[in-house]
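Letter by letter, the chains look like this.
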Amino acid sequence: MKEASITITRLLEELDQGLSSLMYREIMLTRLRTVLPFDAACCTTVDPLTMLTTGAMTEQGLEAIHGHLLDNEYLHDDYNKFTELADAPVPAGSLWEATAGQPMRSLRYREVLHKAGFGDELRAVLKTGEAAWGFLTLFRKKELGPFRPEEITLINEIGPLIASQLKAKALSRMPVLGSEPEQPVEEGIIVLNEQLDPVSLNAGGKYWLNKLQLMERQTQQALPGPIRAVSLRALAEEKLPARGLPAAKLCYRAEEGQFLTLTASKLEGPSGLIQLAVSFTKAKPSDLLPLITEAYGLTEREKEIVDHLLTGKSTKELAQSLHISAYTVQDHLKSIFAKAGVSSRRELISQLNSQYTLSLHQS
């Protein structure tokens, strides 16, 4: 598979950098198929802070089972969970391999994949450094046989290349000021029942529901992945309290270039009826900053320093606030500048403000 790895790496590197995230994923899968056979695939972008899907590209009828796959991922224990693969030395694996050739041991296989006619599933967490920016899932029917170890290795080798593109597109520059006036974000609310069926929504909720359905190329009856993901995480907080799960929240960039925060919370009525409130709001600097610093690959201390920089603190004030020396602050700043591709704090703040509208003293 060494030749295949070289070939697909070259094919992926040749892709136009200006492609949208969805178009990139479609072409990436088309080219991947030239060196590795599979019957269907799904490539999902995720919020690296919460590992919740921000949008999925499915093919070959997978949209019919995608909701069930999300239910399994966020609510049940099973083999090859993405959260577990993300921490594994090799963040890729097949269900056949994980179950020692007995996929029926997997709840996901018994209830979803087997019924859909698939014989094996290959999953990979797409990471750059320690941060995950997407999930890739390939499916094979029984006729093709299970994925081989060398094929898993191939996907693992090209994973960082795909992840770097997903990261770049997730944090791509906002529309240039002066080109067109930025439209105010339509804030929205959708209320779902426990079965995740919409029961009420305001105008903003309807607007973003339709936008996400278009982004994932779904029908008007389908619940988009990001809404389902935050809702399932909100339900999982009660069902799996020992997990220490991240919040039912994600941040993503809409096609218009605006960054949105999507949050779900559980509502309980006096009759014990459970509903979920899903809200869409314009992302605040406090929502965006962790995402951006994760993209830069900053350490926890470096993230703290950037947070303080945005309040306008001097090097001396930074040192006092963090109880470290001014020389140590300078060392951290050099590292931050190198990772962000700038040469001064002024350039760093200017970059954050121009690309992500993170102005000084905002909260």
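The structure under discussion appears in the preceding block.
A quick note: this is a predicted structure, and the numbers were derived from the prediction, not measured.

The next subject is the pattern of salt bridges. All told, the structure shown has 17 salt bridges when counted by the stated rule. Linking R123 and E121 is a salt bridge whose minimum nitrogen-to-oxygen distance equals 3.3 Å. Taken individually, R123 and E121 each receive the classification buried, so the pair is uniform in this respect. Residues E302 and K339 are paired through a salt bridge, measuring 2.9 Å at the closest nitrogen-oxygen approach. Residue E302 is found in helix α11 (residues 300-309), and its partner K339 is found in helix α13 (residues 326-340); the two are separated by 37 residues along the sequence. On the basis of relative accessible area, E302 is assigned to the buried category, the value being 4%. Given the relative accessible area of 34%, K339 is considered partly exposed. The network of salt bridges with common partners includes E73, D78, R108, E121 and R123.

Right, let's talk about helix α10 (residues 285-296) for a bit. Helix length check: α10, at twelve residues, gives a terminal C-alpha distance of 16 Å against a target of 16 Å (1.5 Å per residue), a fit within 8%. α10 sits mainly inside the fold: ten of its twelve residues count as buried. Here α10 has its buried residues at P285, D287, L288, L289, L291, I292, T293, E294, A295 and Y296. One or two residues past the end of α10 sits G297, with phi positive at roughly 75°.

Moving on, we come to the packing of helix α12 (residues 315-322) against α13. Put simply, α12 and α13 touch, their axes get as near as 8 Å, and they point 105° apart. One element, α12, and the other, α13, form an angle in the roughly perpendicular class. Counting all contacts with α12, which are made through T315, L318 and A319, the residues of α13 involved are A326, V329, Q330 and L333. Partitioned by chemical class, the residues of the contact of α12 with α13 number five nonpolar, two polar and no charged.

Right, let's get into the packing of α11 against α13. Two packed helices can be described by the angle between their axes and the distance between those axes. Closest axis-to-axis distance for the α11/α13 pair is 10 Å, and the angle between their directions is 90°. One element, α11, and the other, α13, form an angle in the roughly perpendicular class. Between α11 and α13, the contacting residues are R301, E302, I305, V306 and L309 on the first element and H332, L333, S335, I336 and K339 on the second. Split into classes, the residues belonging to the contact of α11 with α13 amount to five nonpolar, two polar and three charged.

This part takes up the sheet that holds strand β5 (residues 131-141). Note: strands within a sheet are paired through backbone hydrogen bonds, in either parallel or antiparallel orientation. One open sheet holds the five strands; their spatial order is β2-β1-β5-β4-β3, and the pairing between them is antiparallel. Edge strands, defined here as strands with exactly one partner in the open sheet, are β2 (53-58) and β3 (92-94). Averaged over all pairs of adjacent strands, the angle between their axes in this sheet comes to 15°, without regard to strand direction. With three bridges connecting them, β3 and strand β4 (residues 118-128) associate as antiparallel partners.

What follows covers the sheet that holds strand β9 (residues 259-268). With respect to topology, five strands assemble into an open sheet ordered β7-β6-β10-β9-β8, the strand pairing being antiparallel. In this open sheet, the two strands that pair with only one neighbour each are β7 (198-201) and β8 (249-253). With strand direction ignored, the average angle separating the axes of adjacent strands in the sheet is 20°. Across nine bridges, β9 lies against strand β10 (residues 274-282) in antiparallel orientation. Directly across from S265, in β10, lies its bridge partner A277.

Counting 60 residues, the largest nonpolar core has L29, L32, L136, L138, I155 and L348 as its most contacted members. Counting residues per element, this core draws most heavily on helix α7 (residues 149-170), at seven residues. With near-sequence residues (within four places) excluded, I155 lies in contact with L32, L36, L122, A124, L136 and L138.

Calculation rules
- Residues numbered from 1 in each chain as written.
- Predicted model: local features only at pLDDT ≥ 70, side-chain atom pairs only at ≥ 80, totals over all residues.
- Heavy atoms only, no water.
- Salt bridge = Lys/Arg side-chain N within 4 Å of Asp/Glu carboxyl O.
- Buried < 20%, exposed > 50% of the residue type's maximum accessible area, 1.4 Å probe, protein only.
- Helix = DSSP H or I, 4+ residues; strand = E, 2+ residues; numbered from the N terminus.
- Expected span 1.5 Å × (residues − 1).
- Axes fitted to C-alpha atoms, helices over the stretch in contact; angles between N-to-C directions.
- Parallel < 35°, antiparallel > 145°, perpendicular 65-115°, else oblique.
- Contact = heavy atoms within 4.5 Å.
- Nonpolar A, V, L, I, M, F, W, Y, C, P; charged D, E, K, R; others polar.
- Pairing = 2+ DSSP bridges.
- Core = buried A, V, L, I, M, F, W, Y, C linked by side-chain atoms within 4.5 Å.

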